[in-house]
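# Working through the structure, step by step
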Amino acid sequence: MAGVSRIKDLRRPRDWLILTAIGILCVELNLVSVFYRTDQALYLPWFTGFLFACAYRVRWRFLPVLGIIHIVRHAIVLEHLGLKNSWAIATAFFIVLLIPTLITAKALIRSRGRRGFADVGALIQLFLTFFIVHLLMNAPLHAWFAQQSGGMFWVYRAMLNSLAHSTSILLVGQLFSELLIGGRKNTGLEKPWQYSALLLIIVLPCIVWWNTGGKSFADTVVLLFCMPALLYMAAHFPPSWVSLGLVIHGWLLTLLTALGRSPLAGNDENSTALSTYAYLVFVILSISSVSILSTRKDRNRIALARWKNHLEKLVRQRTKALQVMNVSLSRELEWRKEAEIIIRKLGHTDPVTEMPNRAGLMAACMSERLLEGGTFVLLRLENYSEFARSEGFSLAEAALRSLAERISIHFGDSVVYGRWDDTHLAFLLGASGSEGQNGASNAATFLVDLLSLFEEPVPIGQSAIPLGAWAVAVPFSVIPEDEKNPIEELFIRASARLDILSRNGNTRFAIIDNTRASDSTSEFRMLRDLRDALDKGDLILFYQPIVSQDTSTVVGCESLIRWRLSNGDILAPGAFLPSLEKDDLILRVGYHCAR
């Protein structure tokens, strides 16, 4: 059927041949319906429905072909019936039929488009429009034809003739528009055996009437079986197949009624025709209403299914996209974690020796809980700064890397060590033995072992350089528990002792025990507070004038340093100069006074 629906375009010669053949068949069915007579009141004009379908769906250049078929065939029949002016009468019949058809098709296209049979209101408008226009043109022709044929009730016959053609448009016109000419995507027959059974039920009353004569009450009851079958067909099958069932039912009904073998047949031919057309119009509109509602329901169901499929497709696409994004985010999070680990490692690692730096040592000290009975060892490289200034930092860093490799090979993972600054290395020893003599002995053993690594020169490529060192061990127990930064405090104390060792020159290592640490705690705190005061500008100068005895004039002044405390008090130099004189900080204070 989909292939037949394309013939409306008339692009191929066989399209013209197929439509011409259908037109010839419809003209012949017209003549069969009237039994090749001119006085038949009840019949179903197939050609009218096909002509309307062509005017509604096909290009109008095909209509002259249908006109020739209709005029020639009817003129031949009229000549056989002995009527004069048969060609003129046949031409007049076609013109009367063509003009209402064109007007109705044009009006339907303008108001409903190409889907005029998808609305019950459009069907009623189509029926009434064609009936009125055809009756206005048909009545004068029937009046003249009544005079030529020997007289008949032409007004009544004109109305019945217009009803026949209007009914044909609803039946045959709808069939050809939807099934053969217009075509639809929904023309497939999914249940052929069920449709065949329903079609048999529709045809069954006609078979019974042909055998019984159709005059009994049982024949009328048999007719009632057609309606449920037609309603079921309208609710479950495409409109084109429903139209085919209606056409078969209507054509057989009109034939048997015209022969007087149906319950609708009566004594008066005109009354019988009127009741038959009324029955057909009622059945057509009722079944078409059900079919239209079912089609709309199916169309809505299909639309919802398409929307569902579309939404499911979108959901799958979005889900896939989200999965890809999740994978990307997971990968990015992994990269970020790795980057954070690397950054944290870089932040805690000395770039030259790849040993832990000051931050790494502090983190290791807290994680290893070395504050509980451990020992802090600070090592100062003796001639590293001079070597870097004389030979360059590249060779100095190469020597430092070689030294770090030697320390790593010697101690392995048994000791936590790292680079504190340019000239200092720090070691964190865990608790071993009890405090006192055992702890000092262990620290001394470690210091001797550490300084033995400096007995041989440090290799740099093909050469080697000697590096000396001093080392001081400070137990964590010397730091007060309320100290906020114990590692820094240990460094300050160890650095102060290293300064003493470097000035002495004979001793290479020292151990600060608890008893001596308690005596020097105030001195260490004093030096720390002095550094803070120097940075903050709290070391101020008071100027005392020098007056000449001879001239009694001011010839100069003496600068007297004072320490302004945070509470506003002024501290005399006798309270802090002794501590300054033991530390290199005295040099910075001198520069400060000179400025």
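What counts as what
Residues numbered from 1 in each chain as written. Predicted model: local features only at pLDDT ≥ 70, side-chain atom pairs only at ≥ 80, totals over all residues. Heavy atoms only, no water. Helix = DSSP H or I, 4+ residues; strand = E, 2+ residues; numbered from the N terminus. Buried < 20%, exposed > 50% of the residue type's maximum accessible area, 1.4 Å probe, protein only. Contact = heavy atoms within 4.5 Å. Areas by Shrake-Rupley, 256 points an atom, 1.4 Å probe, with all protein chains shown as cover. Phe/Tyr/Trp six-rings, centres within 6.5 Å; stacked < 30°, edge-to-face > 60°. Lys NZ or Arg CZ within 6 Å of the ring centre and 35° of its normal. Axes fitted to C-alpha atoms, helices over the stretch in contact; angles between N-to-C directions. Parallel < 35°, antiparallel > 145°, perpendicular 65-115°, else oblique. Left-handed = near helix turned anticlockwise from the far one by under 90°. Salt bridge = Lys/Arg side-chain N within 4 Å of Asp/Glu carboxyl O. Expected span 1.5 Å × (residues − 1). 1 Å grid on protein atoms, 1.4 Å probe; cavity = no way out; pocket = protein on both sides within 12 Å on 5 of 7 lines; lining within 4 Å. Points joined across faces, edges and corners; volume = space filled by probe spheres on them. Nonpolar A, V, L, I, M, F, W, Y, C, P; charged D, E, K, R; others polar. pLDDT = per-residue confidence, 0-100. Patch = residues over 30% accessible without salt bridge, like charges linked within 9 Å, V, L, I, M, F, W, Y side chains within 5 Å. Core = buried A, V, L, I, M, F, W, Y, C linked by side-chain atoms within 4.5 Å. Pairing = 2+ DSSP bridges.

### Some points on the overall build of the chain
A tally of regular secondary structure across the chain gives 19 helices and 10 strands. Going through the 595 residues of the chain one by one, you find that 43% of them count as buried. For the chain, the proportion of contacts with a sequence separation of at least 24, taken over those separated by at least 6, is 71%. Per element, the accessible surface of the chain, about 31600 Å² overall, is 59% carbon and sulfur.

### Some words on the packing of aromatic side chains
Think of a pair of aromatic rings as described by two things: how far the centres are apart, and how the planes are tilted against each other in angle. Counted according to the given criterion, the structure contains 13 aromatic pairs. Arranged with centres 6.0 Å apart and planes meeting at 75 degrees, the rings of Phe 376 and Trp 420 form a pair that is edge-to-face. Residue Phe 376 is located in strand β1 (residues 375-381), and its partner Trp 420 is located in the loop between β2 (416-419) and β3 (424-429); the two are separated by 44 residues in the primary sequence. Measuring from ring centre to ring centre gives 6.0 Å for Tyr 417 and Phe 427, while their planes differ by 40 degrees; the resulting arrangement is tilted. Of this pair, Tyr 417 sits in strand β2 while Phe 427 sits in strand β3, and the two are 10 residues apart along the sequence. Just as Tyr 417 is buried, Phe 427 falls in that class too. By the ring-pair criterion, three or more aromatic residues cluster together here, those being Phe 411, Tyr 417, Phe 427 and Phe 446. Over the aromatic face of Trp 210 sits the side chain of Arg 261, whose NZ or CZ is 5.3 Å from the ring centroid.

### Remarks on the packing of helix α9 (residues 226-236) against helix α10 (residues 239-258)
Packing of α9 against α10 brings their axes to within 9 Å, and their N-to-C directions diverge by 160 degrees. Put simply, α9 runs roughly antiparallel to α10. Read as a crossing pair, α9 and α10 show a hand that is left-handed. Contacts between α9 and α10 involve Cys 226, Leu 230, Met 233 and Ala 234 on the former and, on the latter, Trp 241, Val 242, Gly 245, Leu 246 and His 249.

### Description of the pattern of salt bridges
Per the counting criterion, the structure on display carries 11 salt bridges. Here Asp 15 makes a salt bridge to Arg 12, at a shortest N to O gap of 3.1 Å. The residue Arg 336 makes a salt bridge to Glu 332 at a minimum N-O spacing of 3.2 Å. Of this pair, Arg 336 and Glu 332 both sit in helix α11 (residues 269-347), 4 residues apart, which is roughly one turn of the helix.

### Here we look at helix α4 (residues 86-112)
For α4, with 27 residues, the first-to-last C-alpha span of 38 Å sits near the 39 Å given by 1.5 Å per residue. Phi for Gly 113, located one or two positions after α4, is positive at around 75 degrees.

### Some thoughts on the environment of Glu 190
With respect to the helices, strands and loops of the structure, Glu 190 is situated in the loop between α6 (154-181) and α7 (192-212). Spatially, the C-alpha atom of Glu 190 lies 9.6 Å from that of Pro 238, the residues being 48 residues apart in sequence.

### Focus on the environment of Asn 485
Relative to the helices and strands, Asn 485 is located in the loop between β6 (469-475) and α16 (486-504). The class of Asn 485 is partly exposed, set by a relative accessible area of 30%. Distance in space between the C-alpha atoms of Asn 485 and Met 362 is 9.5 Å, their sequence separation being 123 residues.

### Digging into empty space enclosed by the protein
Counting across every chain of the model gives 2 cavities of 30 Å³ or more. Considered as a void within the structure, the largest cavity measures approximately 500 Å³ in volume. Surrounding the largest cavity, 27 residues form its lining, Tyr 43, His 74, Phe 93, Asn 161 and His 165 being those nearest its centre. Every element with two or more residues in the lining of the largest cavity is listed here: α1 (13-33), α3 (63-80), α4, α5 (120-148) and α6. Grouping the amino acids of the lining of the largest cavity by side-chain chemistry returns 14 nonpolar, 10 polar and 3 charged. Among the elements of the structure, α4 and α5 are those that each provide at least two residues to the lining of the second largest cavity. The biggest single contributor to the lining of the second largest cavity is α5, with 4 residues. Split by residue class, the lining of the second largest cavity holds 4 nonpolar, 3 polar and no charged.

### Focus on unusual backbone geometry
Positive phi, close to 55 degrees, is recorded for Phe 35, a residue that is not glycine. You can see Phe 35 is positioned in the loop between α1 and α2 (46-57). Residue classification places Phe 35 among the partly exposed residues on the basis of a relative accessible area of 28%. Its identity as a non-glycine residue notwithstanding, Glu 354 has a phi of 60 degrees, on the positive side. If you trace the backbone, Glu 354 turns up in the loop between α11 and α12 (358-367).

### Let's talk about the confidence of the model for the chain
When pLDDT drops low, the exact placement of atoms in the prediction is not to be read closely. In this model, the chain carries an average pLDDT of 81, and 90% of its residues clear a pLDDT of 70 or more. Highest mean pLDDT in the chain belongs to α3 (90); lowest belongs to helix α17 (residues 514-536) (67). Between residues 433-439, whose pLDDT stays under 50, and residues either more than four places distant or in other chains, the model counts 4 contacts. In this model, residues 515-519 is a region of pLDDT below 50 whose contacts with residues beyond four sequence positions or in other chains number 5 contacts.

### As for a nonpolar patch on the surface
There is a patch of nonpolar side chains on the surface, built from Ile 68, Val 72, Ile 76 and Trp 87 and spanning about 350 Å² of accessible area. If you tally residues by element for the nonpolar patch, the top one is α3, at 3 residues. Within the fold, Ile 68 resides in helix α3. Here Ile 68 falls in the exposed class, since its relative accessible area comes to 54%.

### So, the nonpolar core
Core analysis: the largest hydrophobic core is formed by 82 residues, its most contacted members being Trp 46, Phe 47, Phe 50, Leu 51, Phe 52, Leu 66 and Tyr 277. Ignoring anything within four residues of it in the chain, the contact list for Phe 52 reads Thr 101, Thr 104, Ala 105, Leu 108, Phe 117, Leu 126 and Ile 169. The next biggest cluster of nonpolar side chains, apart from the first, holds 34 residues, and it includes Leu 400, Phe 446, Leu 467 and Ala 471.

### Quick look at the pairing of β1
Each regular strand shows side chains that alternate between the opposite faces of the sheet. Counted residue by residue, β1 has 7 buried out of 7 residues, so it is predominantly covered. Burial along β1 is two-sided: the face carrying Thr 375, Val 377, Leu 379 and Leu 381 and the face carrying Phe 376, Leu 378 and Arg 380 are both buried. With 6 bridges connecting them, β1 and β3 associate as antiparallel partners. Across the sheet, residue Leu 379 finds its bridge partner in β3, namely Leu 425. Two strands pair when backbone bridges link them, and β1 and β6 are joined in this way by 7 bridges, in the antiparallel orientation. Following the sheet pairing, Phe 376 is matched in β6 by Val 474.

### Observations concerning the side chain of His 165
For His 165, the position within the fold is in helix α6. The class of His 165 is buried, set by a relative accessible area of 8%. Those residues in contact with His 165, other than ones at most four positions away along the chain, are Tyr 43, Pro 45, Thr 48, Leu 97, Phe 130 and His 134.

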